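Residue-level listing of the chains:
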Amino acid sequence: MPKPDFLTAQFLTNAITIGIVVHVLLVSAGLSIYLERKISAYMQDRIGPNRTGFDLGLPLLKQLFRGFGFWGLGQSLADGLKMFLKEDYTPRNVDKVLFMLAPGIIVIPALMSFAVIPWGGTFAFPGFVMPVLGWEIAAADVQVLGANVSIGLIYMLAVASLGIYGVALGSWASNNKYSFLGGLRASAQMLSYEIPMGLCLMTVLLITGSLLPSAIIDWQISNGWLIISQPIAGVMLFICMLAECNRAPFDNAECEGELVAGYHTEYGSMRFGLFALAEYIHMITNSALFATVFLGGWTLIPFVPVPGLRPEDVGIVAVLAKFAVLFGKAALLVCFMIAIRWTLPRLRYDQVMQMGWQAMIPLSLIIVIANAFLTFYGLTSTVAMLVANVAILAVILAVQPFLPRANTNRKIRIAGSRFSPLEDEIVQAAPAAAYAADDPRRTQVTTGVM
Amino acid sequence: MTLGAVDIASYLPVLLLMTMAILFAIGNLAGSQLIGPRRTGAVKEGTYESGMNPVGNARKRFNIRFYLIAMVFLVFDIEIIFLYPWAVTFPNLDHQYADGAVWLGRILFFMLTTIVAYIYGYRKGVFKFD
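The model shown is predicted, which means the values in this text are computed figures rather than measured ones.

## Comments concerning the confidence of the model for chain B
Residues and elements named next belong to chain B. Scored by pLDDT, chain B has a mean of 81; 91% of the residues are at 70 or more. Mean pLDDT across the elements of chain B bottoms out in helix α3 (residues 99-124) (86) and peaks in helix α1 (residues 12-35) (88). Confidence estimates for the predicted assembly give a pTM of 0.85 and an ipTM of 0.87.

## Observations regarding the interface of chain B and chain A
Across the contact, 60 residues belong to chain B and 68 residues belong to chain A. Those elements that place two or more of their residues in the side of chain B that touches chain A are α1, α2 (64-89) and α3 of chain B. For the side of chain B that touches chain A, the element with the most residues is α1(B), which contributes 18 residues. Partitioned by chemical class, the residues of the side of chain B that touches chain A number 39 nonpolar, 13 polar and 8 charged.

## Points about the packing of helix α1 (residues 9-43) of chain A against α1(B)
At a minimum axis separation of 10 Å, α1(A) and α1(B) run at an interaxial angle of 25°. Taken together, α1(A) and α1(B) sit at an angle that is classed as roughly parallel. Remark: the crossing between α1(A) and α1(B) carries right-handed chirality. Where α1(A) abuts α1(B), its residues A:Phe11, A:Asn14, A:Ala15, A:Ile18 and A:Val22 lie against B:Leu12, B:Pro13, B:Leu16, B:Leu17 and B:Met20.

## Let's talk about helix α4 (residues 96-112) of chain A
With 17 residues, α4(A) extends 26 Å between its outermost C-alpha atoms, agreeing within 8% with the 24 Å of an ideal straight helix rising 1.5 Å per residue. By the largest-angle criterion, A:Ala102 marks the main kink of α4(A), which is about 30°, and a proline, A:Pro103, follows within four residues. The complete set of buried residues in α4(A) reads A:Phe99, A:Ala102, A:Pro103, A:Ile105, A:Ile106, A:Val107, A:Ile108, A:Pro109, A:Ala110, A:Leu111 and A:Met112. Buried residues along α4(A) sit against α1, α5 (153-161), α6 (163-174) and α12 (269-293) of chain A together with α1 of chain B.

## Observations regarding the nonpolar core
Residue and element names in this part refer to chain A. If you look at the biggest cluster of nonpolar residues, it comprises 136 residues, and the most contacted ones within it are Leu-237 and Cys-240. Counting residues per element, this core draws most heavily on helix α7 (residues 177-208), which supplies 19 residues. With residues up to four places along the chain from it excluded, the contact list for Cys-240 reads Tyr-193, Pro-196, Met-197, Cys-200 and Met-360.

## With respect to the packing of α12(A) against helix α13 (residues 316-341) of chain A
Residues and elements named next belong to chain A. Interaxial distance between α12 and α13 falls to 8 Å at its minimum, and their mutual angle equals 120°. The orientation of α12 relative to α13 falls into the category oblique. Remark: the crossing between α12 and α13 carries right-handed chirality. Of the residues in α13, those in contact with Met-283, Ile-284, Ser-287, Ala-288, Phe-290 and Ala-291 of α12 are Leu-326, Lys-329, Ala-330, Leu-333, Val-334 and Met-337. Split into classes, the residues belonging to the contact of α12 with α13 amount to 10 nonpolar, 1 polar and 1 charged.

## Description of unusual backbone geometry
Residue and element names in this part refer to chain A. Non-glycine residue Asn-246 carries a positive phi angle of around 55°. Inspection of the secondary structure assignment puts Asn-246 in the loop between α10 (231-244) and α11 (256-259). A residue is classified by how many C-beta atoms lie within 10 Å of it, and Asn-246, with 23 of them, is buried. Even without being glycine, Ser-269 reaches a positive phi, approximately 50°. Among the structural elements, Ser-269 can be located in helix α12. Look at Ser-269 and you get buried, because 23 C-beta atoms sit within 10 Å.

Thresholds, definitions, all that
- Residues numbered from 1 in each chain as written.
- Chains lettered and ligands numbered in written order.
- Predicted model: local features only at pLDDT ≥ 70, side-chain atom pairs only at ≥ 80, totals over all residues.
- pLDDT = per-residue confidence, 0-100.
- Helix = DSSP H or I, 4+ residues; strand = E, 2+ residues; numbered from the N terminus.
- Contact = placed C-beta atoms within 7 Å.
- Nonpolar A, V, L, I, M, F, W, Y, C, P; charged D, E, K, R; others polar.
- Axes fitted to C-alpha atoms, helices over the stretch in contact; angles between N-to-C directions.
- Parallel < 35°, antiparallel > 145°, perpendicular 65-115°, else oblique.
- Left-handed = near helix turned anticlockwise from the far one by under 90°.
- Expected span 1.5 Å × (residues − 1).
- Bend = angle between axes of the 7 residues up to and from the residue.
- Buried ≥ 20, exposed ≤ 12 C-beta atoms within 10 Å, placed from the backbone.
- Core = buried A, V, L, I, M, F, W, Y, C linked by C-beta atoms within 7 Å.

Spelled out as structure tokens, the structure:
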């Protein structure tokens, strides 16, 4: 039997990378749920999950791990198993087929989108002969990523935006008003923030001149990380990623007070689990994309080549080290996203959309045009671009007060209220209740007209 | 690899990945369907509306703004798709010749049409969400 043509060193590396990274992603999605609970616990002065180990309730394992709690690391596994054991329940009014399909449709693009992230740079694949078949695989320098496709970043954008289908179908099929409104909101928000996301990535392409993430990393090795030379685009891309993942402060799709749980209100058991899993995998892959494009990929320190992490290091140890560095950056970004969730309050829905359409899109168009001119005049050194970014920011801040303003958030004075008293009115700012009567501040704040 | 010749073999790993993802999704959905208990009832099967009796269903008219967003999104997304090939090739042009200026001018005109569309939409109130 002759050797099939596609069976090259590159294909084998791709297949092995996919096999490893899918499992790493699934495990780390579980761990990031644990991380989210732990970080939120620390930020709220609680302890968080700290009991669940890996004994699975079996007496033998319980005996083995006696007195050792694993710091609650088994929590995600326990949650996942619990979801499997829950009833997979379908309400009566739903569109049965779409209701079944939606969780699958949302998790497939989530699992597929990491393929073009260059996890480990270049690897010197040793040639060998397959034992039984006798096929010879020639030695070659290969790229360690899921799929070495020439469209690079476009693949990532295209596949990641397929996640909208899962949200829209799930919400429509649920035939529930909360789900429906949540799904509409989520899809409108994801569509809106896809445009500035694409434009921000385009500024990068205008400088590096290549769609391949590996070429973008090469550019950053010689010119410094892109977050230094393109800070506006970097920050905007990060904001767009938060909005794309439906993460706080943009989690309007599932705001509890208004919409219960948004598009997965009617879902339970592992179907809900797949929705949650897709969200966390999206977070991790988006963080990895951000780390690749703006934080120098697998390089550890900007401008300084670290031994073992240089482009010419192609051994298996170097590949693993590069993977660790890139994955560590992604993990730190995930932690940052989680910290943002428990720091910033949720934006109102009209504020989210206004920010998308009236701020992010014009700003990203401006930086694309500015970068086109910079490229045209050859001013693509780090310092020149940093100066240009600062200049753009200064111009925007100077022009911003003169731009047309929406009326939505303007303070409306209510005549006679505590904050806009009438002409000759004396405002009693402190409470007049008896328990506050002996508060020393009471006399101080009894002021006149504000 | 030359431009225009698509290396189809490089997409094989994507096929592999897609197969794995589909199997994962099917496995999870089928697994929880098989393992979980099944106890149902008339009230349990009802639509969740915070514990109240459901009123009608969700197949109702909804705000026109969502439709407007979808339409405007198409305009901008197609613009981005056209800009991507330009953005990749533009830095690789030789700017000492007139090519660069011509391509910058053309794409600026193309962007101008989008900016006009944006301003039109803004004046029409498409981007107001209050």
